[in-house]
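What the coordinates show
Each chain, written out:
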Amino acid sequence: MGWFKRIKEGITTSTKDKKETPEGLWYKCPECNTVVSTDEHKKNLWVCGECNYHSRVGSAEYFEILFDGGKFTEFNKAMSSGDPLKFEDTKKYPDRIKSSQKKTGLKDAIKTGQGKLNGRNLVICAMDFKFIGGSMGSVVGEKISRAIDVAVKEKCPLIIISKSGGARMMEAGFSLMQMAKTSAKLTLLAEAKLPYVSILTDPTTGGVTASFAMLGDINIAEPGALIGFAGPRVVKETIGKDLPEGFQTSEFVLEHGFLDFIVHRHQLKEKLAESFDFFAITSKTKK
Amino acid sequence: MPVLLEFEEPIGELLEQLEKAKEISEKGDVDTTKTVRDIEQKIKQKREEIYKNLTPWQRVQVSRHPERPYTLSYIKYLTNETFVELHGDRTVGDDKAMVGGFGKIDGQSFMIIGQQKGINTKMRQYRNFGMPNPEGYRKALRLMKMAEKFNKPVITLIDTPGAFPGLEAEERGQGEAIARNLFEMAKLKVPIICIVIGEGASGGALGIGVGDKVLMLENSWYSVISPENCSTILWRNWDHKIEAADALKLTSSDMLKNKLIDGIIKEPVGGAHIDPEATFENVKEAILTNVEKLKKLTPAKRVEKRIEKFAAMGSIS
Ligand SMILES: [Zn+2]
């Protein structure tokens, strides 16, 4: 039941708590305060062994979990955002991009690549929340778009792992249109009868929920993830009272009919393999 | 007398003079015909002066002008009252913030769909301020599919401050409803023309906004977020809405320049509400010329071009 409490306290608590433990040595679970070595935590796929709290991880971790032997070919590694609007709020957009790149070692909020999952060729896109809140701008849209092209060309399945606050404000109209762009491109994958599995992880909200994240042939989520269109704060303001317990969690979204199932990170790869076996569109290749 | 926006104040005095001159004329004491004509000329000049250089924030204000025509007014005029409204998403209910149905424009059948705002306090509530629930998007999709089945072009009229961020909207899958529409509209076989007539806020607008031709009325706006909410998120308060409106590049001319829309429909000087009929005529002309061009393409070609157009949107380095 720990998930519900976490949502209620706001999603920022967990990251703050994490920072208090010495980096690179120990990991303290923000849910149950269990402390383990980071090695141990990693071995457990960044899931708390005590309470099953799923830590937020990024593209590197998901690629390691899902691709056989952690091996993959990354697409469009160097792709970075333009500054089409010369956007400036408290900071110039290019400066914001640069500082995020420096801080995270990432180029933008998504990585895309091709490799094998239990011997099956496939394309995976995975978002990084630590890069400007996993927000979707032109790079996210373009990389997904090109990843779909590869999947169509190679006749292989596609996985998109969403983890995003929504569209990126600093690209305004451009960001908005990435919703249409990614959704439109997904029609080509569907047309080719290639399976698309959407994995919604903590958090998936806004324009990402309202586009590719909800369009999987199957939509699955990790336990306890925040999943919604409007953020909880906005909904709370709209209704003028406290949100019910468990509102907008994976479990809530499953209950309301928008997910096919929830999967523990330990079973994620196996469940995906089973699903693709069922769709059976590409024959397994020998390793 | 039209409701004046704060930047239109210079017109206010002239409008008062005009009223007075007309009053005198009506009493029959003095012939003020010339005076009336002079003042009207001055008003026209002043309006042109003001409207020539509207800032993005001022355009946002025009797009929200209380007298600005809403979707059903367009539909009524365009279809010459041949419109038959169709209700319901066949699952949950009928969303009053989204209207749709068929009607004839110049003898041609169209499916017309759009967000509907209310014209007074009571109706604003009834229409949920033009903020659809998932049922609205699903009704819209049902009607688009119907149009596809019977090979009729689709017109969407966009005017919303956003999809409704309520509790039930979340329960019933607001995100999924919008996503589904984006997906289905991308591959709909019939021509789709989308026109932003007022506010085009975010996914709530885009949810009926994937078309072969996406047009904006001159004084409408279209972006990922409203200037107020943008200000709140980036500057932590509402005080920067004017800067936010600038930064978002949300006007029709900026959106066209960035190739995020396909065209602009002119409004009368002073905004759509100054002369609704002239506005409706411009919209009608845009619909008819565009649909004529679109009908010349095969469905497959139209869909291909539609997808390619959206796929080309973005700015990367
Ligand atoms: Zn724990």
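Residues numbered from 1 in each chain as written. Chains lettered and ligands numbered in written order. Predicted model: local features only at pLDDT ≥ 70, side-chain atom pairs only at ≥ 80, totals over all residues. Heavy atoms only, no water.

Some words on the overall build of chain B
- Assigned secondary structure in chain B consists of 14 helices and eight strands.
- Computed over the C-alpha atoms, the radius of gyration of chain B is 21 Å, within 12% of the 20 Å expected from 2.2 N^0.38 for a compact globule of 317 residues.
- With the C-alpha coordinates of chain B rotated into their principal frame, the extents come out at 65 × 50 × 40 Å.
- Among the 317 residues that make up chain B, the fraction classed as buried is 58%. (Helix = DSSP H or I, 4+ residues; strand = E, 2+ residues; numbered from the N terminus. Rg over C-alpha atoms; globule rule 2.2 N^0.38 Å. Buried < 20%, exposed > 50% of the residue type's maximum accessible area, 1.4 Å probe, protein only.)

Focus: the pattern of salt bridges
Residues and elements named next belong to chain B.
- Scanning the model with the defined rule gives 36 salt bridges over all chains in all.
- Here E228 makes a salt bridge to R64, at a shortest N to O gap of 2.7 Å. Pair noted here: E228 is in helix α10 (residues 227-235) and R64 is in the loop between α3 (56-63) and α4 (71-78), with a separation of 164 residues, a long-range link.
- Residue classification places E228 among the buried positions, given a relative accessible area of 10%.
- The class for R64 is partly exposed, based on a relative accessible area of 29%. (Salt bridge = Lys/Arg side-chain N within 4 Å of Asp/Glu carboxyl O.)

Overview of helix α8 (residues 174-186) of chain B
- Its 13 residues give α8(B) an end-to-end C-alpha distance of 19 Å, which sits within 8% of 18 Å, the value for a rise of 1.5 Å per residue.
- Most of α8(B) sits inside the fold, with twelve of its 13 residues counted as buried. (Expected span 1.5 Å × (residues − 1).)

Thoughts on the environment of S175(A)
- Along the polypeptide, S175(A) turns up in helix α7 (residues 172-191).
- The spatial distance from the C-alpha of S175(A) to the C-alpha of F212(A) is 13 Å, given a sequence separation of 37 residues.
- For S175(A), the contacting residues outside a window of four places in its chain are M136(A), G137(A), A167(A), R168(A) and V224(B). (Contact = heavy atoms within 4.5 Å.)

A word on the sheet that holds strand β6 (residues 158-164) of chain A
Residue and element names in this part refer to chain A.
- Here we have seven strands laid out as an open sheet, ordered β3-β4-β5-β6-β7-β8-β9, and mixed in their pairing. Across the chains shown, the open sheet's two edge strands, defined by having one partner strand only, are β3 (72-74) and β9 (261-262).
- Across the face of the sheet, helix α6 (residues 138-154) comes into contact with β3, β4 (110-117), β5 (120-127) and β6 while running at roughly 20° to β4. (Pairing = 2+ DSSP bridges. Axes fitted to C-alpha atoms, helices over the stretch in contact; angles between N-to-C directions.)

A few points about the confidence of the model for chain B
- Per-chain confidence: chain B averages 96 in pLDDT, with 100% of residues scoring 70 or above.
- The ipTM, which scores confidence in the relative placement of chains, is 0.96 for this predicted complex, and the corresponding pTM is 0.94. (pLDDT = per-residue confidence, 0-100.)

Details of the environment of T32(B)
Residue and element names in this part refer to chain B.
- Mapped onto the secondary structure, T32 falls in the loop between α1 (9-27) and α2 (33-52).
- Between the C-alpha atoms of T32 and A21, which are eleven residues apart in sequence, the distance is 6.2 Å.
- Every residue in contact with T32, bar those within four places of it in the chain, is listed here: A21, I24 and S25.

Considering the pairing of β5(A)
Residues and elements named next belong to chain A.
- Among the eight residues in β5, seven count as buried, and that is most of the element.
- One ladder, built from eight bridges, connects β4 with β5; its direction is antiparallel. Opposite G113, over in β5, you have I124 as the bridge partner.
- Count of turn residues in the β4/β5 antiparallel hairpin: two residues, of which N118 carries a positive phi of about 45°.

Details of the domain arrangement of chain B
- When cut into domains, chain B gives domain 1 (12-53) and domain 2 (60-312).
- One C-alpha centre belongs to domain 1 of chain B, the other to domain 2 of chain B; they are set 36 Å apart. (Domains from an automatic or database assignment.)

Things to note about the coordination of the zinc ion
Residue and element names in this part refer to chain A.
- Donor atoms from the polypeptide that bind the zinc ion are C29 (SG), C32 (SG), C48 (SG) and C51 (SG), placed at 2.2 to 2.4 Å.
- Coordination at the zinc ion comes from four donor atoms whose angles at the metal span 103 to 113°, giving a geometry best classed as tetrahedral.
- Expressed as a motif, the donor residue spacing for the zinc ion is C-x2-C-x15-C-x2-C. With C32 in the loop between β1 (26-28) and β2 (35-37) and C48 in the loop between α3 (38-43) and α4 (59-66), this residue pair connects regions lying 16 residues apart in the sequence. (Donors = N, O, S within 2.8 Å, 3.2 Å for Na, K, Ca; no water. Tetrahedral: all angles 85-135°; square planar, octahedral: opposite > 155°, others 65-115°.)

Observations concerning the packing of aromatic side chains
- Applying the stated criterion to the full structure yields eight aromatic pairs over all chains.
- Arranged with centres 6.2 Å apart and planes meeting at 55°, the rings of F7(B) and Y51(B) form a pair that is tilted. Of this pair, F7(B) sits in the segment before α1 while Y51(B) sits in helix α2, and the two are 44 residues apart along the sequence.
- A residue is classified by how much of its surface remains accessible, and F7(B), at 12% relative accessible area, is buried.
- Given the relative accessible area of 9%, Y51(B) is considered buried.
- Relative to F280(B), the ring of Y77(B) lies with its centre 5.2 Å away and its plane at 40°, an arrangement referred to as tilted. Of this pair, Y77(B) sits in helix α4 while F280(B) sits in helix α13 (residues 276-295), placing them 203 residues apart in sequence.
- A residue is classified by how much of its surface remains accessible, and Y77(B), at 25% relative accessible area, is partly exposed.
- Taken together, the aromatic side chains of F63(A), F67(A) and F72(A) make up a single cluster linked through ring pairs.
- Over the ring of F129(A) we find R56(A); its NZ or CZ atom is 4.4 Å from the centre of that ring. (Phe/Tyr/Trp six-rings, centres within 6.5 Å; stacked < 30°, edge-to-face > 60°. Lys NZ or Arg CZ within 6 Å of the ring centre and 35° of its normal.)

Some remarks on the interface of chain A and chain B
- Facing 54 residues of chain A, the contacting portion of chain B comprises 46 residues.
- Here chain A packs against chain B, burying approximately 4,200 Å² in sum over the two surfaces, 76% of which is carbon and sulfur.
- Per-residue buried area on chain A facing chain B is highest for M169(A), M177(A) and F229(A); these three make up 17% of the total on that side.
- Here chain A and chain B share zero salt bridges between them.
- Inspection of the chain A/chain B interface yields twelve residue pairs in polar contact (both at pLDDT 80 or more).
- With 17 residues, α7(A) is the largest single contributor of residues to the side of chain A that touches chain B.
- Taken together, the residues of the side of chain A that touches chain B break down into 31 nonpolar, 16 polar and seven charged. (Buried area = accessible area lost by both parts, 1.4 Å probe. Polar contact = N/O pair within 3.5 Å; in protein donor to acceptor, adjacent residues only side chain to side chain. Nonpolar A, V, L, I, M, F, W, Y, C, P; charged D, E, K, R; others polar.)

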